Amino acid sequence: MSLSDEERRSLEELERGLVASDPDLDLQLRSGRLRGTGARMILGALAVLVGFALVISGIITQILIVGVAGFLVAGGGAYLLLSRLVLKRRIRRNGETGNEAGRGA
């Protein structure tokens, strides 16, 4: 199903407005690469899975270094996955405290 000329013009106008208002978002969308929180979450989750696979492989093969490496990779992945979340909570908590103090004064 194709778009009518009016719909196409409207979409092009919206696109031009988006490019003008936020050039960084436009660059990110055109590059097709994940950046920021989404990329960190995906990489973190993959690292945790690979780390667990290495830990299990180390246990099965009884090679200590493989298990330790898997543990470190899983820990790094968990850090990537959760660090942004914890940081957001701390900022939000501190921001709310600051706002309440400002209202009371």
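Residues numbered from 1 in each chain as written. Predicted model: local features only at pLDDT ≥ 70, side-chain atom pairs only at ≥ 80, totals over all residues. Heavy atoms only, no water.

The subject of this paragraph is the overall build of the protein chain. Counting its regular elements, the protein chain contains four helices and zero strands. Reading the protein chain from its N terminus to its C terminus gives the helix and strand order α-α-α-α. Counting over 105 residues, the protein chain shows a buried share of 11%. Put simply, of all contacts in the protein chain between residues at least 6 apart along the chain, 40% involve residues at least 24 apart. Total accessible area on the protein chain stands at roughly 8,700 Å², and carbon and sulfur atoms take up 64% of it. (Helix = DSSP H or I, 4+ residues; strand = E, 2+ residues; numbered from the N terminus. Buried < 20%, exposed > 50% of the residue type's maximum accessible area, 1.4 Å probe, protein only. Contact = heavy atoms within 4.5 Å. Areas by Shrake-Rupley, 256 points an atom, 1.4 Å probe, with all protein chains shown as cover.)

Time to look at the environment of Ile-42. Assignment of secondary structure puts Ile-42 in helix H3 (residues 36–61). Residues Ile-42 and Leu-81 lie 39 residues apart in sequence; the distance between their C-alpha atoms is 7.8 Å.

Let's shift gears to the pattern of salt bridges. For side chains of opposite charge, pairing can occur when their charged atoms come near one another. Throughout the structure, instances matching the rule amount to one salt bridge. We note a salt bridge from Asp-5 to Arg-8, for which the minimum N-O separation is 3.4 Å. Taken as a pair, Asp-5 and Arg-8 lie in helix H1 (residues 5–21) at a separation of three residues, close to a single helical turn. (Salt bridge = Lys/Arg side-chain N within 4 Å of Asp/Glu carboxyl O.)

Another point: unusual backbone geometry. Even without glycine at this site, Gln-62 takes up a positive phi of about 60°. Take Gln-62: it is sitting in the loop between H3 and helix H4 (64–104). For Gln-62, a relative accessible area of 71% gives the class exposed.

Turning our attention to the confidence of the model for the protein chain. When pLDDT is averaged along the protein chain, the result is 79, and 70% of the positions lie at 70 or above. The secondary-structure element of the protein chain with the lowest mean pLDDT is helix H2 (residues 23–31), recorded at 70, while H3 shows the highest, at 89. Note that pLDDT drops below 50 for residues 99–105; the model gives that stretch zero contacts with residues more than four away or on any other chain. (pLDDT = per-residue confidence, 0-100.)

A contiguous nonpolar surface patch, about 470 Å² in accessible area, is contributed by Leu-64, Val-68, Phe-71 and Leu-72. Relative to the elements of secondary structure, Val-68 occurs in helix H4. (Patch = residues over 30% accessible without salt bridge, like charges linked within 9 Å, V, L, I, M, F, W, Y side chains within 5 Å.)

Another aspect to go through is the environment of Ala-47. Positionally, Ala-47 belongs in helix H3. Distance from Ala-47 to Gly-77, taken between C-alpha atoms, is 4.6 Å for residues 30 residues apart in sequence. Those residues in contact with Ala-47, other than ones at most four positions away along the chain, are Val-73, Ala-74 and Gly-77.

Attention shifts here to the environment of Asp-26. Within the element layout of this structure, Asp-26 appears in helix H2. C-alpha separation for the pair Asp-26 and Glu-15, spaced eleven residues apart in sequence, amounts to 9.0 Å.

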